Amino acid sequence: MENVLRPLIVVGGSVVITLLVGWLVDLLLRRADSRHHETPLWGLLRRCRPPLQLVLITALLRGSYRQIGLDVVSEHRASIGQVLTLVLIGASAWLVVRIAATIVEASYARYAAATRDPARVRRVRTQVTLIQRVVIAIVTTVAIAAMLLTFPAMQTVGTSMLASAGVLGIVAGVAAQSTLGNLFAGLQIAFGDMVRIGDTVVVDGEWGTVEEITLTFLAVRTWDERRITMPVSYFTSKPFENWSRGGVQMTGTVFFHLDHSAPVAAMRERLRDILGDIAAWDGRDWSLAVTDTTPSTIQVRAVVTAKDADDIWTVRCAVREQLIGWLRDHHPYALPRISTSPAVLPPGEQWAELTGAAVSSGRNGSGPHADHGGSRAPRTGRG
């Protein structure tokens, strides 16, 4: 009878105590969350209940499994204790990671709710993400090292490794130079505010949005749903365009190459009407002006604004499409064309005034174009 009661008391008691403590902790967290609506910390801490219960039941079993009194337990006492120790270390690491992630996430949520600047929110989000990854990496490394040191053979190896840690550190640093460079570059990006999650960037001629930042690489999602994965050291060693730096509002340009006879004033009025019908235009500013000229065309630039990079692309495309269509339908002469006929010259009197040539008096019946070979049009070449 005792061989049956002891296992039931040890195992059953551990399970009951674990469930009771878990329920009590969850009840306290729910009450704290109902009293403090301004912070989501207490509600988020409820997600730590599973690792907490695992740590508790493992610790109880680790301290009381020898009291079970079964022969199989006595024969494998060392193995069972080793397994419970490994599970306890792993569960403790899980609990630490979950608590740290909960605290960081709650701090970010509170900051995001109190801050209206999207750029600052994205910066804090980037820093929070990298901090979580660093904490997970450190806790995982420490947990694995602690697990290995529970084995007697690994303790001897660990002592030998500590003796040669300096040489191994130098060798590892040389071998992992690029990896360490990316690691420090990731920390520099996180706390140097160079690029943030959600920023619109142009790298290697590709336009996209920063989707993920880790300690070693950065992922950019392009407009056509492709993902460009780049080492974070790229953003600390090469120039790149960050359209979201300093704010999300954008100013865009649309260029037109038109004939010199283009009705610029009418285009300006039409641009104002077009922008009034585009929902993506934020109404901050607009303009249209001639910015350059060539022997065959003029360059007309339209300036528009929008609240973010996505909307500025929509506004630019809509202005380009509708203004070109309006010119085609109402002012086709304004579109660029290639001249294939000679220029029409002015009458003789105007040509003489423009070129400074003498005009005949006409006493012998010859007009302004009269010469020894008869009347002919003036030449336009040299001589």
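A brief report on the enclosed structure follows. (Residues numbered from 1 in each chain as written. Predicted model: local features only at pLDDT ≥ 70, side-chain atom pairs only at ≥ 80, totals over all residues. Heavy atoms only, no water.)

### Digging into helix α11 (residues 264-276)
For step 1, the next point in the chain: Relative to the 18 Å expected for 13 residues at 1.5 Å per residue, α11 spans 19 Å between its end C-alpha atoms, a close match to the ideal helical length.
For step 2, the next point in the chain: The set of residues buried in α11 consists of Val264, Met267, Leu271, Ile274 and Leu275. Angular distribution of buried residues about the axis of α11 spans 90°; they occupy a single face of the element. Set apart from the buried face of α11 by more than 90 degrees, the exposed residues are Ala265 and Gly276.
For step 3, the next point in the chain: Against the buried residues of α11 lie β6 (250-258), β7 (281-293), β8 (298-306) and α12 (309-330). (Helix = DSSP H or I, 4+ residues; strand = E, 2+ residues; numbered from the N terminus. Expected span 1.5 Å × (residues − 1). Buried < 20%, exposed > 50% of the residue type's maximum accessible area, 1.4 Å probe, protein only. Arc of directions from axis to C-beta. Contact = heavy atoms within 4.5 Å.)

### Some remarks on the sheet that holds strand β3 (residues 217-222)
For step 1, the next point in the chain: Pairing is antiparallel in the open sheet, where five strands are placed in the order β4-β3-β2-β1-β5. What marks the edges here is a single partner per strand, and that holds for β4 (227-231) and β5 (241-242).
For step 2, the next point in the chain: Direction of pairing for strand β2 (residues 206-213) relative to β3: antiparallel, over a ladder of five bridges. Within β3, the residue paired with glycine 208 across the bridge is threonine 222. (Pairing = 2+ DSSP bridges.)

### Structural notes on the packing of α11 against α12
For step 1, the next point in the chain: At a minimum axis distance of 10 Å, the contact between α11 and α12 shows a crossing angle of 135°. One finds that α11 runs oblique with respect to α12. Classified by chirality, the crossing of α12 by α11 is right-handed. Contacts between α11 and α12 involve Ala266, Met267, Arg270, Leu271, Ile274 and Leu275 from the former and Val315, Val319, Gln322, Leu323, Trp326 and Leu327 from the latter.
For step 2, the next point in the chain: Tallied by class, the residues present in the contact of α11 with α12 amount to 10 nonpolar, one polar and one charged. (Axes fitted to C-alpha atoms, helices over the stretch in contact; angles between N-to-C directions. Parallel < 35°, antiparallel > 145°, perpendicular 65-115°, else oblique. Left-handed = near helix turned anticlockwise from the far one by under 90°. Nonpolar A, V, L, I, M, F, W, Y, C, P; charged D, E, K, R; others polar.)

### Considerations on the pattern of salt bridges
For step 1, the next point in the chain: Following the criterion strictly, the structure yields 13 salt bridges and no others.
For step 2, the next point in the chain: Among the ionic pairs, aspartate 224 bridges to arginine 226, the shortest N-O distance being 2.8 Å.
For step 3, the next point in the chain: A relative accessible area of 33% places aspartate 224 in the partly exposed class.
For step 4, the next point in the chain: The class of arginine 226 is partly exposed, set by a relative accessible area of 37%.
For step 5, the next point in the chain: A salt bridge links aspartate 311 to lysine 307, with the nearest nitrogen and oxygen atoms 3.3 Å apart.
For step 6, the next point in the chain: You can call aspartate 311 buried: its relative accessible area is 17%.
For step 7, the next point in the chain: With a relative accessible area of 46%, lysine 307 lands in the partly exposed category.
For step 8, the next point in the chain: Salt bridges linked by common partners bring Glu211, Arg221, Glu225 and Arg227 together as one network. (Salt bridge = Lys/Arg side-chain N within 4 Å of Asp/Glu carboxyl O.)

### Here we look at the sheet that holds β6
For step 1, the next point in the chain: Judged by pairing direction, the sheet is antiparallel, and its three strands sit side by side in the order β6-β8-β7 without closing on themselves. Of all the strands in the sheet, the pair left with one neighbour each is β6 and β7. If you compare each strand with its neighbour and ignore which way they point, the axes differ by 20° on average.
For step 2, the next point in the chain: In this sheet, β8 lies alongside β7 in antiparallel orientation, the contact comprising eight bridges. Across the sheet, tryptophan 281 pairs through a bridge with alanine 306, a residue of β8.
For step 3, the next point in the chain: Docked against the sheet, α11 engages β6, β7 and β8, running at close to 160° with respect to β7.
For step 4, the next point in the chain: Contacts from α12 reach β6, β7 and β8, with the element oriented near 25° to β6.

### What to know about the environment of arginine 47
For step 1, the next point in the chain: Tracing the chain through its elements places arginine 47 in the loop between α2 (41-45) and α3 (49-64).
For step 2, the next point in the chain: According to the relative accessible area criterion, arginine 47 is partly exposed, its value standing at 36%.
For step 3, the next point in the chain: Residues arginine 47 and arginine 98 lie 51 residues apart in sequence; the distance between their C-alpha atoms is 7.8 Å.
For step 4, the next point in the chain: Leave out the neighbours within four places in its chain, and arginine 47 touches Arg98, Thr102 and Glu105.

### What to know about the pairing of β3
For step 1, the next point in the chain: Hairpin geometry of β2 and β3 is characterised by an intervening segment of three residues between the two adjacent antiparallel strands.
For step 2, the next point in the chain: In this structure, β3 lies alongside β4, joined through five bridges in antiparallel fashion. What sits directly across from phenylalanine 217, in β4, is proline 231.
For step 3, the next point in the chain: With antiparallel pairing between neighbouring strands as the criterion, β3 and β4 make up a hairpin whose turn holds four residues, including glutamate 225 at a positive phi of roughly 70°.

### Describing a nonpolar patch on the surface
For step 1, the next point in the chain: Judged by side-chain polarity, Leu20, Trp23, Leu24 and Leu28 come together as a nonpolar surface patch covering roughly 420 Å² of accessible area.
For step 2, the next point in the chain: Examined against the element boundaries, tryptophan 23 turns out to sit in helix α1 (residues 2-35).
For step 3, the next point in the chain: Judged by its relative accessible area of 45%, tryptophan 23 falls in the partly exposed class. (Patch = residues over 30% accessible without salt bridge, like charges linked within 9 Å, V, L, I, M, F, W, Y side chains within 5 Å. Areas by Shrake-Rupley, 256 points an atom, 1.4 Å probe, with all protein chains shown as cover.)

### Focus: α3
For step 1, the next point in the chain: With 16 residues, α3 extends 22 Å between its outermost C-alpha atoms, agreeing within 8% with the 22 Å of an ideal straight helix rising 1.5 Å per residue.
For step 2, the next point in the chain: Within the span of α3, buried status applies to Pro51, Gln53, Val55, Thr58 and Ser64.

### Focus on the side chain of threonine 58
For step 1, the next point in the chain: With respect to the helices and strands, the residue threonine 58 is situated in helix α3.
For step 2, the next point in the chain: Setting aside residues no more than four positions away along its own chain, threonine 58 makes contact with Leu84, Val87 and Leu88.

### Structural notes on the packing of α3 against helix α5 (residues 77-114)
For step 1, the next point in the chain: Interhelical geometry of α3 versus α5 gives an angle of 155° and a closest axis separation of 8 Å. In terms of orientation, α3 lies roughly antiparallel with respect to α5. α3 and α5 meet at a crossing whose hand is left-handed. Contacts between α3 and α5 pair Pro50, Pro51, Leu52, Leu54, Val55, Thr58, Ala59, Leu61 and Arg62 from the former with Gly81, Leu84, Thr85, Val87, Leu88, Ala91, Ser92, Trp94, Leu95 and Arg98 from the latter.
For step 2, the next point in the chain: Per-class residue counts for the contact of α3 with α5 are 13 nonpolar, four polar and two charged.

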